[in-house]
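# Summary of structural features
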Amino acid sequence: MLHLLRQIVVTGIKTEPAPSAAEDMIVVRRLQKDILRTLGRALTIRHVDAGSCNGCELEIHALGNPYYNIEGLGIRFVASPRHADMLLVTGPVSKHMAIAVQRAYDATPDPKLVVAVGDCGCTGGIFGESYASLGRVANVIPVDVEIPGCPPPPTALLRGIRAALTAHAAAGENAKE
Amino acid sequence: MDVAPLGISAATLKSAVPARRCPVNSGQLLAACRLAWEQGGQLVALWATDDRDLQRGFCVRVLLRDADGFTLLEHTLPDELAHYPDISPIFPVANRMQRAAFDMVGVQCDADDQRPWTWQAAWPIDRFPLRREFEASPKWEPGQEDYAFVQVTGDGVHEIPVGPIHAGIIEPGHFRFQIVGEKVLRLEERLGYTHKGVEKRFEAMPIVEAHRLAGRISGDSTVAYAWAYAQAVEAIAGVAAPPRAAWLRALLLERERLGNHLGDLGYIGNDAGLAFGLAQFSRLKEDVLRLNQRLFGHRLLMDAVVPGGCARDLPPGAASELRAQCASLARELRVLRDIYDEHAGLQDRFRNCGCVPRELAVKLGLTGFAARASGLPEDLRCDFADTAYATLNVRRATRQQGDVAARVAVRFDEAQESLRLTDLMVEAMPDGDVALSLPPITASSIALGAVEGWRGAVVIALESGPNGTIRRCHAHDPSWQNWPVLEHAVIGNIVPDFPLINKSFNLSYSGHDL
């Protein structure tokens, strides 16, 4: 136990400042007045791998490491879409996953944010559309923000996730006016 | 393995590892498999090819591996009505491969288990994507299949279905647990959810560019796949990558191994309730990925290996940065290993959990680091070492117990060994070019690439078409071997130990489903 405690002290705090939101990744601005009020500052995310190569998953994992410390920003990954404000969807949507993706979307309570992750999620990527792949996430469910990259590094993921929140915050402000 | 007594002739198969190809009839196919099994050989992969356009019907290919190298058995079926013999009584791991070969090419096997494996109603069941006439373009709406899971009945037995979307940030697949109380009586896996038509996609890509696709078969093994693919292209072209490129590739592969082991060691600790482990190891992994980005231009090292060599050389000052990181990681790893080893709660969860005894590992063909944790010392880096590995003499990491603790120990050993090797490679790497320009690729040639990825042996079997095209590319992930073993490893364990056992293997879905 002493070793463990010493290691914690020696390691110190590694968390870096969070990057700014990336407005350029926003593809849709949905105007729903209750979004900001509903979400507040905290955000829960359900990740859905719709057929990716696992590269994007590795980078999403990295968001949890001490450098990015995504939970410190009030963002948490949850196990059920019913507990989620946002779906973070990776991969070209394989036809075998299409039903599961649709069900996860349906199970997510309104207002649901959808962020498509990676070149595959944004365009179908190298796999494209085929007998087995439906291509980009937007072909299957509505998408709010697209984060390109193969895979997008954690900073790009954070900027995209924050962009989705900004979009909704703006939507909330507009609704007030 | 000497196949001559079976009346089988063998020709050299182009490959970076010793390999032969042998035409066989159905009797010889079974006899060769039996002989391989008796002599300690294992089935690596089984796949099929549509050769009707060449008036050769279909070809079923069975790749075996033993101490002498790889043996590719090629069995021709005259038409789609012909059957080939079931080899799963000899190599149980063949079961799913035979079913996948039917789903993809429509070649029929004499096996009892005729359930689909890769197919899940995304296309009509009587159409086969890897047949020449099959249009790759989208056409059919996804459907739903009714898969015949095996159900356990009896007093107090219940079923837990899990997935395809899992409760964490992981790939999709479906698990059926048959449970009494907390005890797992049976686990049945249903994979194929991430099938995205990779093998068909290969056939639409130029052979010298498809390393990008190979590097995206399983994102955590991008170096292993791209290297295996590059090996196959170079073998067909009759060239070898420049010596410096060969060393650089080995260095990249060890960086990949290191990153994956570090990440998994963190998650394994986390799954046993030690969040400290995840925080520490994910920090170290991030350090590795950041240096990757700075030195090689990509955190996961995608597209760093290309046919003919490597995409770029080490930048100036890379050697000292790499060596400094190796030294500091080696130090940190020792500290963390002590903490894991002396943590009673952790060890209580690790030991005797998810056991795969040696006999079971042999019978089921367990491979990679998981096999080494069950007392099977196979490792391509040692068994068929060339270039960097032959010079550096890789120390095999093995354990006998085959439990989570053994797989953790092997991962610690291998992470340390990767650091040692990287350090030596930086020092001993020869000077020179890191890539050569490839000559035109000859048509109708077949070659093999095989690389010991962090999970196990990654194999690419590549067949060239005319004008620099790909006729057929079969990619094999070691997860094909290890997924069925996971079903056995959890028997008798409690449900909450499944995530821990699963993570100790950390198998690929995408690499398996293609």
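Parameters and conventions
- Residues numbered from 1 in each chain as written.
- Chains lettered and ligands numbered in written order.
- Predicted model: local features only at pLDDT ≥ 70, side-chain atom pairs only at ≥ 80, totals over all residues.
- Heavy atoms only, no water.
- Helix = DSSP H or I, 4+ residues; strand = E, 2+ residues; numbered from the N terminus.
- Buried < 20%, exposed > 50% of the residue type's maximum accessible area, 1.4 Å probe, protein only.
- Contact = heavy atoms within 4.5 Å.
- Areas by Shrake-Rupley, 256 points an atom, 1.4 Å probe, with all protein chains shown as cover.
- Axes fitted to C-alpha atoms, helices over the stretch in contact; angles between N-to-C directions.
- Left-handed = near helix turned anticlockwise from the far one by under 90°.
- Patch = residues over 30% accessible without salt bridge, like charges linked within 9 Å, V, L, I, M, F, W, Y side chains within 5 Å.
- Salt bridge = Lys/Arg side-chain N within 4 Å of Asp/Glu carboxyl O.
- pLDDT = per-residue confidence, 0-100.
- Nonpolar A, V, L, I, M, F, W, Y, C, P; charged D, E, K, R; others polar.
- Expected span 1.5 Å × (residues − 1).
- Pairing = 2+ DSSP bridges.
- Buried area = accessible area lost by both parts, 1.4 Å probe.
- Polar contact = N/O pair within 3.5 Å; in protein donor to acceptor, adjacent residues only side chain to side chain.
- 1 Å grid on protein atoms, 1.4 Å probe; cavity = no way out; pocket = protein on both sides within 12 Å on 5 of 7 lines; lining within 4 Å.
- Points joined across faces, edges and corners; volume = space filled by probe spheres on them.
- Core = buried A, V, L, I, M, F, W, Y, C linked by side-chain atoms within 4.5 Å.

### Considering the overall build of chain A
Helix and strand counts for chain A stand at six helices and five strands. Its helices and strands taken in sequence order, chain A reads α-α-β-α-β-β-α-β-α-β-α from the N to the C terminus. A buried classification covers 58% of the 177 residues belonging to chain A. Sequence-distant contacts in chain A: of pairs separated by 6 or more residues, those separated by 24 or more amount to 83%. By element, 54% of the accessible surface of chain A is carried by carbon and sulfur atoms, the whole surface being about 7200 Å².

### Re the packing of helix 1 (residues 2-11) of chain A against helix 8 (residues 318-342) of chain B
Contact geometry of helix 1 of chain A with helix 8 of chain B gives a least axis separation of 9 Å together with a crossing angle of 145 degrees. Remark: the crossing between helix 1 of chain A and helix 8 of chain B carries left-handed chirality. Note on element contacts: helix 8 of chain B touches helix 1 of chain A through Glu332, Val335, Leu336, Ile339 and Glu342 of chain B, opposite His3, Leu4 and Gln7 of chain A.

### A look at a nonpolar patch on the surface
All names here are of chain A. A grouping of Met1, Leu5 and Ile8 is seen on the molecular surface, where their side chains present a nonpolar patch of about 310 Å² in accessible area. Mapped onto the fold, leucine 5 is located in helix 1. On the basis of relative accessibility, which here comes to 44%, the residue leucine 5 falls in the partly exposed class.

### Overview of the pattern of salt bridges
Residues and elements named next belong to chain B. On inspection of all chains with the given rule, the structure shows 48 salt bridges over all chains. The partner of aspartate 413 in a salt bridge is arginine 337, and the shortest N-O contact between them spans 2.8 Å. Here the residue aspartate 413 occupies a position in helix 14 (residues 404-428), and arginine 337 occupies one in helix 8, the gap between them amounting to 76 residues. Among the ionic pairs, arginine 372 bridges to glutamate 452, the shortest N-O distance being 3.1 Å. Pair noted here: arginine 372 is in helix 11 (residues 368-372) and glutamate 452 is in strand 14 (residues 446-452), with a separation of 80 residues, a long-range link. Look at arginine 372 and you get buried, because its relative accessible area is 0%. Residues participating in the shared-partner salt-bridge network are Arg21, Asp51, Asp53, Arg56, Arg61, Glu74, Arg132, Glu203, Glu463 and Arg471.

### A look at the confidence of the model for chain B
Summing up the model confidence of chain B, the mean pLDDT is 95 and the portion of residues at 70 or higher is 100%. In the predicted complex, the global pTM is 0.94; the interface-specific ipTM is 0.93.

### Overview of the environment of leucine 191 of chain B
Residue and element names in this part refer to chain B. Mapped onto the fold, leucine 191 is located in the loop between strand 11 (183-190) and helix 3 (198-202). Between the C-alpha atoms of leucine 191 and glycine 354, which are 163 residues apart in sequence, the distance is 21 Å. The residues contacting leucine 191, other than those within four sequence positions of it, are Trp117, Gln120, Gly173, Trp483, Tyr509, His512 and Asp513.

### Topic: the packing of helix 14 of chain B against helix 16 (residues 498-505) of chain B
Residue and element names in this part refer to chain B. Viewed as axis vectors pointing N to C, helix 14 and helix 16 meet at an angle of 35 degrees, and their least axial separation amounts to 9 Å. Where helix 14 crosses over helix 16, the two elements pack in a sense that is left-handed. For the pair helix 14 and helix 16, the contacting residues are Val404, Arg407 and Arg411 in the first and Leu500, Ile501, Lys503, Ser504 and Phe505 in the second. When its residues are assigned to classes, the contact of helix 14 with helix 16 shows four nonpolar, one polar and three charged.

### Re helix 2 (residues 94-105) of chain B
All names here are of chain B. The end-to-end C-alpha distance of helix 2 is 16 Å, a good match for the 16 Å that 12 residues give at a rise of 1.5 Å each. Across the 12 residues that make up helix 2, a large majority, 10, are buried. For helix 2, every residue scored as buried is listed here: Ala94, Arg96, Met97, Gln98, Arg99, Ala100, Ala101, Asp103, Met104 and Val105. Once helix 2 ends, the next one or two residues include glycine 106, with phi positive near 80 degrees.

### Focus on the pairing of strand 6 (residues 69-77) of chain B
All names here are of chain B. Of all nine residues in strand 6, eight are buried, a share of seventy percent or more. Both strand 3 (residues 19-24) and strand 6 contribute to a ladder of six bridges, which runs parallel. Looking at strand 6, one finds that proline 23 is bridged to glutamate 74. Linking strand 5 (residues 58-66) to strand 6, which pair antiparallel, is a turn of two residues.

### Concerning the interface of chain B and chain A
Each partner contributes residues to the interface: chain B has 67 residues there, and chain A has 51 residues. Together chain B and chain A conceal approximately 4700 Å² of surface at their shared face, both sides included; 62% is due to carbon and sulfur atoms. On the chain B side of the interface with chain A, the three residues burying the most area are Ile165, Ile169 and Lys196 of chain B, jointly 16% of the side's total. Our enumeration of links across chain B and chain A arrives at two salt bridges.

### Some words on the side chain of glutamine 7 of chain A
Examined against the element boundaries, glutamine 7 of chain A turns out to sit in helix 1. Judged by relative accessible area, which is 7%, glutamine 7 of chain A ranks as buried. One polar contact links glutamine 7 of chain A to glutamine 280 of chain B, side chain to side chain, over a distance of 2.9 Å. The residues contacting glutamine 7 of chain A, other than those within four sequence positions of it, are Phe276, Gln280, Arg283, Glu332, Val335, Leu336 and Ile339 of chain B.

### Considerations on the layout of surface pockets
The calculated volume of the second largest pocket comes to roughly 660 Å³. What lines the second largest pocket is a set of 29 residues, and nearest its centre among them are Arg103 of chain A together with Gln144, Gly163, Pro164 and Tyr193 of chain B. For the lining of the second largest pocket, the secondary structure elements donating two or more residues are strand 1 (43-49) and helix 4 (98-107) of chain A together with strand 10 (174-180) of chain B. It is helix 4 of chain A that provides the largest number of residues to the lining of the second largest pocket, a total of five residues. Along the lines of polarity and charge, the residues of the lining of the second largest pocket split into 13 nonpolar, eight polar and eight charged.

### With respect to unusual backbone geometry
Of note, the amide linkage connecting aspartate 110 of chain A to proline 111 of chain A takes the cis form, showing an omega dihedral of -5 degrees. Here proline 111 of chain A is to be found in the loop between helix 4 and strand 4 (113-117). For the peptide bond that leads from glycine 163 of chain B to proline 164 of chain B, omega is 20 degrees, which places it in the cis range. Here proline 164 of chain B shows up in the loop between strand 9 (157-162) and strand 10. Not every positive phi belongs to a glycine, and serine 444 of chain B is a case in point at roughly 55 degrees. In this fold, serine 444 of chain B is placed in the loop between helix 14 and strand 14. Owing to a relative accessible area of 66%, serine 444 of chain B belongs among the exposed residues under this scheme. Backbone geometry places leucine 514 of chain B, a non-glycine residue, at a positive phi of 55 degrees. Following the sequence through the fold, leucine 514 of chain B ends up in the segment after helix 17 (510-513). Look at leucine 514 of chain B and you get buried, because its relative accessible area is 4%.

### A closer look at the nonpolar core
The nonpolar side chains of soluble globular proteins are, as a tendency, buried together. Residue and element names in this part refer to chain B. Within the largest apolar cluster, 98 residues are counted, with the highest numbers of intra-cluster contacts made by Val62 and Phe350. Leave out the neighbours within four places in its chain, and phenylalanine 350 touches Ile268, Ala272, Tyr340, Asp403, Val404, Ala405, Val408 and Leu500. In this structure, Val198, Leu213, Leu314 and Leu392 belong to the second largest nonpolar core, which totals 61 residues.

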